[in-house]
Structure formats: C-alpha cells, structure tokens
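# Structure at a glance
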Amino acid sequence: MPLVFFSMDLMATPCGTLITSFEKPIILNTNWMFRKGDNLDWRDESVEESFWVERSVPDYGISKTENLTGYHWYRCSFYLPENYTNPVEPIAIKLGRMRDIDEFYLNGTLVDKTGSVLPKLEVDFQRIRIYSLPTHLLKPGINVMAIRIYAATNLNGLKESPIITKERDLRESVFTKEIFAMVCGYVFIFMGIYFLVGSIVRGRTGENFFFALFSIFMGIYVLIRTQHRDILFDSFTWSYVSELLVLLCLPSFFINFLHQYLKIKRNVILTAYEIFLGILFVITLFFRTPKTWLLVIALFNYVLPVALGLVIYLFIKNGKENITKIKFILIGIASLVPTILIDSLSALEIIYMPGTIYLGFLVFLVMISIQLSNDMVLGLQNFIEQEKELIQMERVKTGFLVNLSTEFKSGMEKIKAAIDNISKPISKTKSKKNVIDPVKQAEDHISYMSYMVEEALLLKRLEDKSYAPFFENFSVLELIKTTVSSIENHLDQKRKNIHIDVRPSSIEMYAPKELVFCILRNLIENAYIYTDPKTEITIEFYNKDGFHYLIVMDEGLGLSQLEMETIFQKFVRGYQDKKTEIPGAGIGLTLVEATVKYLGGVVSLKSQEGMGAKFTIKIPERNQK
C-alpha cells in the first residue's frame, strides 16, 4: 500500500475538485494558482485571483522570462462533502524538496514551515517536506492550501506534484526510497575502515590508505544526502557546507590512490589541481548562502574534467604493463563516470535522477575492493611465505652455528690429545712406523679448523662476487693425494680401499688452486664420513674434449630423491637421521656448486638410497696466458 501512489497517474486530481475520501493517495498536479511577490493576505481562503496564473506542477526550474528570486506563492483549493468525517489515521501532504524556504497554510492558518528569512537567512532545500494536515482545520465545502516560498536563487517552483494521503504511508515511502542510499553509505564507510585498518596493521600507508579515505568520505557524502542529514547536523547550513567539503576531497583521494597503487610519481598538474581544490575548500568554509554554494559546485564541475583527464592519463601511460592490476578498477570507473555526470547535473538541478550515484559508486568501490583484496591476500600469502623462509633460515643458521661449534670443539679436543701424545713415550709394543706423528696430527687438526673458516669466507666472497682469483699450474695427482692425506689425518682414518685414477698421472691444471682444493676436500671428505671404513671410494680425473672431469664415487648410504633436490642448498645436510652423528657445517656442497659455477663448470649427482653416490664435476679447460 505505501508505494502504490508512486505509479498512480490515473489518480491525479486537479485543484478545485471534490475529495470524498483520503483512503487513497490524492495527487494534485493541475489548476494550481501561481503569483510572484509577497502578501500575507494571500494565505486566506478568499483572495482575488485575477492576477494569478494557472499552472501545472511540477514546474520547477529557472524562468527564462523573469527573475523569480524572492517570494512567490502557490494556491490550491479542494472541496469536502457535507457528510465529511475525519479520517481514522492522520493525513499529511508531501510537497517534496523546495528552494529554499517555505510556509504551508491551510484555510489561512500556518500549519508548518521549513527555514526562515528573518532574523537570519536559514535555508533547507534538501529536506523532504511532509506536513501533517490538522483535522480540525478541515471542513465541509471549500478548503484552501497556500504555499509561501522564498527562493534565494533563481531556482524556484515545486519539484513534485503534492500528494495527500496517510501520513504513515508518506513517511514510509520516503524511508523506502532512501534505504538503498543509506545501506550504500554504511557499506562504503565499513569498507573504508576495513582497508584503513589493513593499511595500519600491515604497515602499508599508500594505496590502501587513500582508498580507505576515499571510501569513508564517499560513505559520509552519501549519508549526508539522505535523511541522516537531520540526525548528524542541527543546522542545514553546516550540513551542506560539510557535504561540499567532503565532495571536494574525493577526486584528490582517488588520484593519490592511483599514484600509490601504480607506483607513479606525482606531476605538476596534480599538484596544481590539489592547490585549487585546497583554496576552494578553505573558501567554502565561509560560504553560507545558496548562491555561493552554487558557485562552488559550478567551479568543482569545471575542474572535474581535469581529474578525469589525470585518471585517463595514468591509465594510458601505465595501463599496458599493469593491466592485470587495474582491470577491476577500469570496470568500476566505466560504471562510475556516467553516474558522476548525472549527479553533477542533479546538483546544479538541471536534471533530477536521484540514486544513480549510489549504484555507480557501489559497483565502483566493490570493483576496487576486489582488486585490493586480491592484492592483500597475495601480499599476505607472500608475507607468510617470507616468514616461513625466515624461520627456516634462522633454524638452519642455528644448526650451522651448532655444527660449527661442534666441529671446533672436536678439533680442539683432538689438538689437545695430540699435544698430550707429544709428552708420552712411544710404547715398546708399537712400531714407530705405525705411530702417527702427534705434531703432524695437531697441525692437521688446526689446518682443518682454518679450512672451515676460510671456506665460509670463500662462499661469502663468491656470493658477493668479490672473489679475486689467482691462477697457477699445479699437479692434479699431488693435490688429490695431499687432500686425502689431510682428511685421513683429521678423521684418524687410514683407508686401503681408496682408488685414485688420474689420467695421465702427470696431468696439470691451470686454475685457482684453492678453489680446486675446496672442491676436492668437500667431496672426498663427504665420501669418507658418509661411508663405512671398509667401503670403496673412487676418485677419477681426466681431460676430454676441452673439459676437465672430476668424479668422486662411493658405495655408502646414498641419497633419497628429496635429499638430492635440496643437498646443494646452504646449511642443508643429508642423512637427517644421522646428521647429529656426522661432523660438518652444512655448507660444503653449497660451496662446491658455487665454486664449480665460478669456474664455468657444472656439477651433477647420481645417487640412490643404499647404493652410494656419484658426483661428477665438469670444468672447461683454461689455457695458460
């Protein structure tokens, strides 16, 4: 029932007609009498209407023939039957919005009014006028309604055809018409708060921050334009000034959002545009009359194309490489632009299409929210992955330090034992030939500990690309034997089942000797510590087709597929179930790979659990200069 009268054009009733019942809405749209000027006697029931003009309503707008700024009157009469009885429910008349001040009279008595001219001009052209019709003023026979209007600008007249019906239905219809706008306003504000909190929590004060401000201000702007205006403000003047101030901020917030989102530097045009809006913002604080407000809206509309031009420029300049980042924003803008133009024309009261701006901004903000939410989810996922990586890195670094500390502790104990052996007499039961020189043993342990430190520094220099190589010729066979001897002394192992095959045995290599030694030491030591002392180890070296080949094979524990995929990573060690039993710092194979890569070669691994491992190093032969 409350909404029926909006489409009941057939129920339209001319002034001067007989009204038998107020049960159904009565639309008074013709035979209204109009006159410019002011005379309080025109409110009375009997008025000489010779100088009045008959009009149909609505007839709102700007007169092309005369200036109607100031007072003007509308009068409409209707008849009630002799047997008229007061309606059961209160009735009211809805006059809609008017410019700018009005007084409503029934049978010469003031019923209600909006705004005042004296002692101070107080206008309200956004309030929907719904005035109760006191039943004691209604009477059988002729009844006269008079509307006294004061226009502060050249905009005047009645925007809507007045409707008389049950007051409850009229007020419910107004609420129903604005419920979508109010819901949109709250959605915009909550959406902005969500992104504002997100920008603060995640430390991103760029695009999310400006979009949050844009969304919150848009929500406030929408709510002010509904009946929330009367809830939020005691004065219409301040409500409308606030509405204009919020409107002036919106383009700047959105353009700054785009600059932050697309990572673009600000340009001179944007700075000049914001300075202009800033000046207009300050001036608006002191504007209190409708004429000055119309000036602000006109200036804002004049420079609005500048904002649209800046937005188009940003998309054209940076859209191709950021198409995936802006596709939803483009959809939102495509739905928003026409509604902005319609709303601007509505603000200038050239056309009247309420509600379109809310739908446009709803689609627009939802599209941007989808875009930013997607970015936030991806950013959060990346953040979580980075945190996991950092935690894992901290763990492996801790493991590295523990392993390194263990190695140094073990080395110091071996050095102490070797020093103790120096002072002990050689047992008669042992042959001097079978006894390891304790001094040599201590020297090997010290050298091994220094290798660990030097290799850690070497890895850092290779990663930083700060390593300075020293190329020299050296015998490969002698270097392999020296490496094996150093490892055996450190591990206190003398293996008979190690096979060294260098073809030819006199082959020399021109390269940084310390790098080749680093490769040999780590591969051969791994073969020793990851195999049983009775297991065979084979070391091969030969030259073929301009490449040096180094192969280190063992028949030890072997590696699983997962271990083979991660074994060259820093601080990662194989044989997880036995890693606490096997010495090492966890950077050996990482250093091998980095060293081989530095020499222009490649390293490959073949292995299987329980079948041993085979490392093959392929390094291009380098001619001596």
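As a reminder, the structure under discussion sits directly above these lines.
Residues numbered from 1 in each chain as written. Predicted model: local features only at pLDDT ≥ 70, side-chain atom pairs only at ≥ 80, totals over all residues. Heavy atoms only, no water.

## Examining the state of the cysteines
If you walk through the whole model with that rule in mind, you get one disulfide. The disulfide partner of Cys-15 is Cys-76, and the S-S distance across this bridge is 1.9 Å. Because the sign of the S-S torsion sets the handedness, a value of about -115° for the bond joining Cys-15 and Cys-76 places this disulfide among the left-handed ones. Here Cys-76 lies in strand β6 (residues 70-80) and Cys-15 lies in the loop between β1 (12-14) and β2 (26-30), a separation of 61 residues in the sequence. (Disulfide = S-S within 2.5 Å. Helix = DSSP H or I, 4+ residues; strand = E, 2+ residues; numbered from the N terminus.)

## Observations concerning the pattern of salt bridges
Scanning the model with the defined rule gives 24 salt bridges in all. Arg-225 is paired through a salt bridge with Glu-243; the nearest N and O atoms lie 3.5 Å apart. Of this pair, Arg-225 sits in the loop between α2 (207-224) and α3 (228-232) while Glu-243 sits in helix α4 (residues 236-261), and the two are 18 residues apart along the sequence. Accessibility assignment for this pair places Arg-225 and Glu-243 in one class, buried. Where salt bridges share partners, they join Glu-23, Glu-89, Lys-166, Arg-168 and Asp-169 into one cluster. (Salt bridge = Lys/Arg side-chain N within 4 Å of Asp/Glu carboxyl O. Buried < 20%, exposed > 50% of the residue type's maximum accessible area, 1.4 Å probe, protein only.)

## Things to note about the side chain of Thr-531
Tracing the sequence through the fold places Thr-531 in the loop between α11 (513-529) and β17 (537-544). Residue class for Thr-531 comes out buried when judged on its relative accessible area of 11%. Among the polar contacts listed, one links the side chain of Thr-531 to the backbone oxygen of Ala-527, at a separation of 2.4 Å. For Thr-531, the side chain forms a polar contact with the main-chain oxygen of Tyr-528, separated by 3.4 Å. Excluding residues that lie within four positions of it along the chain, Thr-531 makes contacts with Arg-495, Ile-537, Asp-554 and Gly-556. (Polar contact = N/O pair within 3.5 Å; in protein donor to acceptor, adjacent residues only side chain to side chain. Contact = heavy atoms within 4.5 Å.)

## Digging into a nonpolar patch on the surface
Together, Phe-175, Ile-179, Phe-180, Val-183, Val-187, Leu-359 and Val-363 make up an exposed nonpolar region whose accessible area comes to about 570 Å². Of all the elements in the fold, those that place two or more residues in the nonpolar patch are α1 (167-201) and α8 (356-422). In terms of residues, the nonpolar patch owes the most to one element, α1, which gives five residues. Locating Val-183 in the fold gives a position in helix α1. (Patch = residues over 30% accessible without salt bridge, like charges linked within 9 Å, V, L, I, M, F, W, Y side chains within 5 Å. Areas by Shrake-Rupley, 256 points an atom, 1.4 Å probe, with all protein chains shown as cover.)

## Some points on the nonpolar core
General note: in soluble globular proteins, nonpolar side chains tend to be found buried as a group. Among the nonpolar cores identified, the biggest contains 61 residues, and Phe-254, Phe-257, Trp-293 and Phe-364 are the most heavily contacted of them. Mapped onto this core, the elements with two or more residues apiece are α1, α2, α4, α5 (268-284), α6 (290-318), α7 (323-347) and α8. In terms of residue count, the dominant contributor to this core is α4 (16 residues). Discounting chain neighbours no more than four positions away, the residues touching Phe-257 are Glu-207, Phe-210, Phe-211, Ile-329, Ile-368 and Leu-372. Counting 49 residues, the second largest nonpolar core, distinct from the first, contains Ala-511, Leu-515, Leu-599 and Phe-615. (Core = buried A, V, L, I, M, F, W, Y, C linked by side-chain atoms within 4.5 Å.)

## Structural notes on the sheet that holds β2
Pairing in this open sheet of five strands is mixed, and the strands run β1-β2-β13-β7-β10 from one edge to the other. Of all the strands in the sheet, just β1 and β10 (129-132) have a single pairing partner and so form its edges. Taking the axes of each pair of neighbouring strands and ignoring which way they run, one obtains an average angle of 30° across the sheet. As judged from the four bridges shared by strand β7 (residues 91-96) and strand β13 (residues 163-166), these two strands associate in the antiparallel manner. Among the inter-strand pairings, Ile-93 is bridged to a residue of β13, identified as Ile-164. (Pairing = 2+ DSSP bridges. Axes fitted to C-alpha atoms, helices over the stretch in contact; angles between N-to-C directions.)

## Section: the pairing of β6
For β6, the buried fraction is high: eight of the 11 residues fall into the buried class. Both strand β3 (residues 32-36) and β6 contribute to a ladder of four bridges, which runs antiparallel. Bridging across to β6, Arg-35 finds its partner in Trp-73. Alignment of β6 against strand β11 (residues 141-151), held across 11 bridges, turns out to be antiparallel. Bridge pairing links Arg-75 to Ala-146 in β11.

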